[in-house]
Amino acid sequence: MAAPRTPAKAAWAVAPLALVLALAVAAPACAGARPELAGAAGATLGVLGPPDGGGASLSAAALWPVGYGLRFGLSLFAEDMGSETVELTDIHDGSDLGSVAGLHRMALGAAWRLDGEFAPALGWIPFGSATWGIWRVSDDVQGRELGAIGSTGFSLGGGLRHAVGRFQLGASVRYHRLFNERVGRFVAAGVDWSWR
């Protein structure tokens with residue numbers, strides 16, 4: 001008898017079907033349009049649950065215009081939540097032997113992303129962004145994976161970009177909320193760019 005599916009496992013199973021359906025709906029609006037390529041590089045902070053020291057944050061997206069200043073597409077994430085250190089002591093005399101890397105946690109994800117731009121002000125273009133997707137949260141010690149879980153989640157964020165021709169450069173902040181027991185929420189902030 002097959003084991004019942006947990007909500008996280010069910011989300012991973014449904015994700016490919018949701019991807020195909022969303023592409024089928026969005027394809028007519030995006031037909032013939034070139035996508036905007038966007039990305040961000042920075043750091044995570046405010047991580048809920050240890051390890052919570054934060055680390056590098058990277059994202060990339062391909063977004064197609066869907067009207068009214070909106071762009072829709074697929075975004076990929078790589079988020080480092082941080083590492084713990086373990087203090088070593090001599091079992092005979094209790095002397096300090098230094099520290100070694102302990103538990104490390106990271107999350108990889110793919111999400112649908114919707115961006116909207118506002119009217120430029122003083123050469124800067126404000127924008128808002130929202131995503132809904134799936135993440136794989138994994139723990140390891142010195143590169144050896146201890147376990148991983150799948151999770152659904154969303155993010156809300158925004159920022160400012162300055163246009164130079166078809167290229168835009170600025171900064172963004174995103175709040176991420178994952179529905180799992182390891183990483184509940186965190187913030188990613190960094191340099192943001194786009195190219196059309």
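On a predicted model such as this, the values are computed, not experimentally measured, just so you know.

Asks: Before we go on, may I ask you to explain the overall build of the chain in this structure?
Replies: Helix and strand counts for the chain stand at one helix and eight strands. By the burial criterion, 34% of the 196 residues in the chain qualify as buried. Taking as baseline every contact in the chain between residues at least 6 positions apart, the subset at least 24 positions apart corresponds to 58%. Accessible area of the chain: about 10,900 Å², with a carbon and sulfur share of 68%.

Asks: Just checking my understanding: could you explain a nonpolar patch on the surface for this structure?
Replies: The grouping of Leu37, Phe167, Leu169, Val191, Trp193 and Trp195 at the surface amounts to a nonpolar patch, some 510 Å² of accessible area in total. For the nonpolar patch, the secondary structure elements donating two or more residues are strand E7 (167-178) and strand E8 (185-195). Note on placement: Phe167 falls in strand E7. In this structure Phe167 comes out as partly exposed when scored by relative accessible area, which is 36%.

Asks: Looking at this structure, how should I read the pattern of salt bridges?
Replies: Pairing of side chains with opposite charge becomes possible as their charged atoms draw close. All chains considered together, the criterion is met by nine salt bridges. Measuring nitrogen to oxygen at the nearest pair gives 3.0 Å for the salt bridge that ties Arg71 to Glu36. With Arg71 in strand E3 (residues 70-89) and Glu36 in strand E1 (residues 36-45), the pair connects residues that are 35 residues apart, well separated along the chain. With respect to class, Arg71 is no different from Glu36; both count as buried. Between Arg136 and Glu145 there is a salt bridge whose closest N-O contact spans 3.1 Å. Linked through salt bridges whose partners overlap, the residues forming this network are Glu36, Arg71, Glu117, Arg161, Asp192 and Arg196.

Asks: Quick question: what am I supposed to make of the nonpolar core here?
Replies: The nonpolar side chains of a soluble globular protein tend to be buried with one another. Val47, Phe77, Met81, Ala107, Ala111, Trp135, Val137, Ile149, Leu178, Val183 and Phe186 form the largest nonpolar core, which has eleven residues in total. Of all the secondary structure elements, the ones that give two or more residues to this core are E3, strand E4 (96-117) and strand E5 (124-141).

Asks: Whenever I open this one, the environment of Ala130 confuses me. Can you help?
Replies: Mapped onto the elements, Ala130 comes out in strand E5. Along the chain, Ala130 and Ala111 lie 19 residues apart, while their C-alpha atoms are 9.5 Å from each other. Those residues in contact with Ala130 that sit more than four places away from it in its chain are Trp112, Arg113, Leu114, Asp115, Ser155 and Leu156.

Analysis parameters
- Residues numbered from 1 in each chain as written.
- Predicted model: local features only at pLDDT ≥ 70, side-chain atom pairs only at ≥ 80, totals over all residues.
- Heavy atoms only, no water.
- Helix = DSSP H or I, 4+ residues; strand = E, 2+ residues; numbered from the N terminus.
- Buried < 20%, exposed > 50% of the residue type's maximum accessible area, 1.4 Å probe, protein only.
- Contact = heavy atoms within 4.5 Å.
- Areas by Shrake-Rupley, 256 points an atom, 1.4 Å probe, with all protein chains shown as cover.
- Patch = residues over 30% accessible without salt bridge, like charges linked within 9 Å, V, L, I, M, F, W, Y side chains within 5 Å.
- Salt bridge = Lys/Arg side-chain N within 4 Å of Asp/Glu carboxyl O.
- Core = buried A, V, L, I, M, F, W, Y, C linked by side-chain atoms within 4.5 Å.

From the geometry alone we can't say anything about function, so treat these as descriptive.
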